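Listed below, chain by chain, are the residues.
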Amino acid sequence: MDIEQLKQLQDVDIHITDIYQEKNALEETLRNDEDAYQEAERTIEEFTKNYEQLESEKKAKEAEIQQTSEMIKRWDMRLKEAKSGREYQAFMREINGAKRDISEIENAVLKIMEELEKIDKTRKEEKQKIDEIGQRLQQTADQSKARISVLAHQIQELELQKNSIAKGITPSMLSMYEQIKKQRQTAIVGVKKSICQGCHVNIPPQLFNEVIMNNKIILCPHCQRILFYVEDTVVEEQKPKRNKKAV
Ligand SMILES: [Zn+2]
């Protein structure tokens, strides 16, 4: 009978599934940490870009102030050489206008400086966050990676074990098992007190007897899983029956 080998095969399969679950969970945590790290890196990069852009705006404005001050100096010299009151007035107007320009630009520079300070503060906070993630990653990543490789090795071993068990099973039976497993996850289930442990539906008495005889593959009429007979419960059930007969 293939049923014993199929049960062994299923045990190995369940073991493989459990290991995959642990491995997948570890890999997901690692991926999430790495994503969070990269996300924080991108944010810092953006802040830096923004900071640099504002800094160059600030430099341009400071150059503008410098140029305007030099213009004022030149007008100041010409003012001293003014030949008429009208000329003097005209230079004065230019100088006053330029001074207003400078004070406007200076205000803009102040605003930029405030903005720069704000960005710098946020950038520092982001940097701290990224350092924390980085530290955590370093602490856990090596450990997780080592565990993942152990698990991958275990899966390999179990696959080998599975292959060697599968060699002893009729190919048609094997493909039936794989088919049911694909649909129902567990392909082989016990029958306890004539109830299928896969779908918890009662097995008709005739069919249950066939399961007990254990000389051919019986499928649950309800969930189509391969059934096997669970001896323990039958022993429990037989005891009181025998006692009754004795009485
Ligand atoms: Zn069933």
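Residues numbered from 1 in each chain as written. Predicted model: local features only at pLDDT ≥ 70, side-chain atom pairs only at ≥ 80, totals over all residues. Heavy atoms only, no water.

## Quick look at helix α4 (residues 205-213)
Here is step 1 of the chain: Those residues of α4 not exposed but buried are F208, E210 and V211. End-on, the buried residues of α4 take up no more than an arc of 155 degrees, which puts them together on one face. Set apart from the buried face of α4 by more than 90 degrees, the exposed residues are P205, Q206 and M213. (Buried < 20%, exposed > 50% of the residue type's maximum accessible area, 1.4 Å probe, protein only. Helix = DSSP H or I, 4+ residues; strand = E, 2+ residues; numbered from the N terminus. Arc of directions from axis to C-beta.)

## A word on the packing of helix α1 (residues 3-80) against helix α2 (residues 85-167)
Here is step 1 of the chain: The contact between α1 and α2 brings their axes to 4 Å, and the two run at 165 degrees. In terms of orientation, α1 lies roughly antiparallel with respect to α2. Relative to α2, the crossing made by α1 is left-handed.
Here is step 2 of the chain: By residue class, the composition of the contact of α1 with α2 is 42 nonpolar, 14 polar and 28 charged. (Axes fitted to C-alpha atoms, helices over the stretch in contact; angles between N-to-C directions. Parallel < 35°, antiparallel > 145°, perpendicular 65-115°, else oblique. Left-handed = near helix turned anticlockwise from the far one by under 90°. Nonpolar A, V, L, I, M, F, W, Y, C, P; charged D, E, K, R; others polar.)

## Details of the coordination of the zinc ion
Here is step 1 of the chain: On the protein side, the zinc ion has C196 (SG), C199 (SG), C220 (SG) and C223 (SG) as donor atoms, found 2.3 Å from it.
Here is step 2 of the chain: For the zinc ion, the four donor atoms are set out with angles of 106 to 114 degrees between them, so the coordination reads as tetrahedral. (Donors = N, O, S within 2.8 Å, 3.2 Å for Na, K, Ca; no water. Tetrahedral: all angles 85-135°; square planar, octahedral: opposite > 155°, others 65-115°.)

## A short note on the domain arrangement of the protein
Here is step 1 of the chain: Here the protein is partitioned into domain 1 (3-167) and domain 2 (171-246).
Here is step 2 of the chain: Residue-level contacts link eight residues of domain 1 with 13 residues of domain 2.
Here is step 3 of the chain: For the domain 1 and domain 2 pair, buried surface summed over both sides reaches about 940 Å², with 67% attributable to carbon and sulfur atoms.
Here is step 4 of the chain: The largest per-residue losses of area from domain 1 upon contact with domain 2 belong to I3, L6 and Q10, which jointly make up 60% of the total buried on that side.
Here is step 5 of the chain: Linking domain 1 with domain 2 are five residue pairs in polar contact (both at pLDDT 80 or more), by the criterion used here.
Here is step 6 of the chain: Contributions of two or more residues to the side of domain 1 that touches domain 2 are made by α1 and α2.
Here is step 7 of the chain: Tallied by class, the residues present in the side of domain 1 that touches domain 2 amount to four nonpolar, one polar and three charged. (Domains from an automatic or database assignment. Contact = heavy atoms within 4.5 Å. Buried area = accessible area lost by both parts, 1.4 Å probe. Polar contact = N/O pair within 3.5 Å; in protein donor to acceptor, adjacent residues only side chain to side chain.)

## Considerations on the pairing of strand β1 (residues 188-192)
One face of the sheet, then the other: side chains in a regular strand alternate in exactly this way.
Here is step 1 of the chain: A large share of β1 lies buried, amounting to four of its five residues.
Here is step 2 of the chain: Here β1 pairs with strand β3 (residues 226-229) via four bridges, running parallel. In the strand pairing of β3, V189 is matched with L227. (Pairing = 2+ DSSP bridges.)

## What about unusual backbone geometry?
Here is step 1 of the chain: Positive phi, normally seen in glycine, also occurs at S194, with a value near 60 degrees.
Here is step 2 of the chain: Here S194 lies in the loop between β1 and β2 (195-196).
Here is step 3 of the chain: Phi angles above zero are rare outside glycine, and Q224 is one such case at about 65 degrees.
Here is step 4 of the chain: When you line up the elements, Q224 lands in the loop between α4 and β3.
Here is step 5 of the chain: Assessed through its relative accessible area of 38%, Q224 is described here as partly exposed.

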